[in-house]
Amino acid sequence: SLSDRLNNTFDRLRGKGKLTEADITSAMRDIRMALLEADVNFKVVKDFVAKTKERCMTADVMESLTPAQNVVKIVLDELTELLGTTESKLVFSNRIPNVIMLVGLQGSGKTTAAVKLAYLLKKQGRSPLLAACDVYRPAAADQLATLGGEIGVPVFRGDGAHPVQIAQDAVREAIDKLRDVVIVDTAGRLQIDEQMMQEAVDIKRAVKPDQVLMVVDAMTGQDIVNVVSTFAERTDFDGVIISKLDGDARGGGALSVRAVTGKPIKFVSMGEKPDSLEPFYPDRMAKRILGMGDVIGIIEKAQEAADAETVASAERMLREGFTMNDMLEQMKAVKKMGGMKGILGMLPGGQKLLNQMGGNLDESVFAKNEAMIMSMTAEERMRPSIINGQRRARIARGSGTTPADVNQLMKQWGEMNKMMSRMRTMAQQAGAGKKGK
Ligand code: GDP
Ligand code: MG
């Protein structure tokens, strides 16, 4: 599955201090798959991956402490930006009534969205009027009338009239009845159809809507690009409502709509009920498209695992004492974080301190210590106190160091071990205190 694939990729990335171009390429392959599976248009995916890869290939990312997380963050950022960085609200003119016209394929959710919009506007203190301009689908006007009745919004139906006429009459009716917004629900076909397009164009010309919103079913696949491009050319529209996002659909189509037309997504529809129209949040959508719930889980789990490991090793150190193996682990951890220079560079004021020292930090001490510990036997590492003169000389020979170097290392270990013992005593006293109660 996708989350397994990403999991593997990020596992691989996490284990590395630095990323290579091949690592990034492999991660991008997974991202590409995620987007295609979410039905993002392939051309949009291609451009997106190319741009994102470029951003990931900078030294900042590749040599950072947490490259995998950085890559994920960049992917999310870029996707969010592509979806539109801020949520889009409806824009109203001073005209009374404002006219909002809905367009889209049959079954996309126009009628449902019209009712939801009416409900939302009513809650905002406006007095909307719904106009039933779908004269082709049997009972389409009845559907609107029923739903309108449920939310207490009047529906204008010009039974038998031409859709253009109905829209114009609805605007007149709104003026008569002091309704300040007319929401025009139009007809759609299952596919792009010349008569339908022309009718939408005619309605638009007749009532000059303040806003045309296109309703797009979240489940529409690759075909969506053709559909929205045609609508963009013929009727043009100001924004998009993504419907049926309460289902399984990842909603990759939304990304394609935005990327191809540049039109903002204004709302997402999360169900059939009138109150299920929600503002659009690009970051949430980006996560959804990527299946990011999974990915974020992966990052969190990795963090938990790392924390658990630290706690476990701290507990073991308290229990069993501080060994040379622990010392080796600590040095490796420091090295992984970019050495002492890297750590200092991250601390506030650390860079200044480093400059004062002339950038001079002898990292070769690490290598030397590592070599000495590697030359110890397993027993010596676990119980350094058994290291006598003879063993010291052997370790020095094996690691290309001197007995004085080994002494130095022993002294360091002795200090740390003493600290651990003190902590152990404190932990035991605290434990005994608890039990005593
Ligand atoms: P229209 O042909 O564009 O007017 O589409 P409709 O508004 O009639 O919706 C078609 C079908 O999709 C209806 O059964 C709606 O109840 C359903 N529908 C619309 N929007 C949503 C939504 O956001 N979630 C779900 N689950 N169903 C929806
Ligand atoms: Mg309809």
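Anything mentioned here points back to the structure above.
Calculation notes
Residues numbered from 1 in each chain as written. Chains lettered and ligands numbered in written order. Predicted model: local features only at pLDDT ≥ 70, side-chain atom pairs only at ≥ 80, totals over all residues. Helix = DSSP H or I, 4+ residues; strand = E, 2+ residues; numbered from the N terminus. Buried ≥ 20, exposed ≤ 12 C-beta atoms within 10 Å, placed from the backbone. Contact = placed C-beta atoms within 7 Å. Near = placed C-beta within 6 Å. Nonpolar A, V, L, I, M, F, W, Y, C, P; charged D, E, K, R; others polar. Axes fitted to C-alpha atoms, helices over the stretch in contact; angles between N-to-C directions. Parallel < 35°, antiparallel > 145°, perpendicular 65-115°, else oblique. Left-handed = near helix turned anticlockwise from the far one by under 90°.

(A) Local environment of the overall build of the protein. Assigned secondary structure in the protein consists of 20 helices and 8 strands. The proportion of buried residues among the 437 residues of the protein is 35%. Sequence separation of 24 or more characterises 75% of the internal contacts of the protein that already satisfy a separation of 6 or more.

(B) Spotlight on the site of ligand 1. Looking at ligand 1, there are 17 residues lining it, with Gly109, Lys110, Thr111, Thr112 and Ser269 nearest. At 3 residues, the largest contribution of residues to the shell around ligand 1 is made by helix H6 (residues 110-123). Partitioned by chemical class, the residues of the shell around ligand 1 number 1 nonpolar, 12 polar and 4 charged.

(C) Summary view of unusual backbone geometry. For the bond from Ile96 to Pro97, the omega torsion is -5°, close enough to zero to count as cis. Here Pro97 shows up in the loop between helix H5 (67-83) and strand E1 (98-103). A positive phi is found at Leu178, a non-glycine position, where the angle reads about 60°. One can find Leu178 in the loop between helix H8 (163-176) and strand E4 (181-185). The exposed category is assigned to Leu178, around which 10 C-beta atoms lie within 10 Å.

(D) Region of interest: the packing of helix H10 (residues 224-234) against helix H11 (residues 252-261). The geometry of H10 relative to H11 is characterised by a closest axis approach of 10 Å and an angle of 40° between their N-to-C directions. With respect to H11, the element H10 is oriented oblique. As for how H10 packs across H11, the hand of that crossing is right-handed. Contact with H10, carried on its side by Ile224, Val225, Val228, Ser229 and Ala232, involves Gly253, Ser256, Val257, Val260 and Thr261 of H11 and no other residues of that element.

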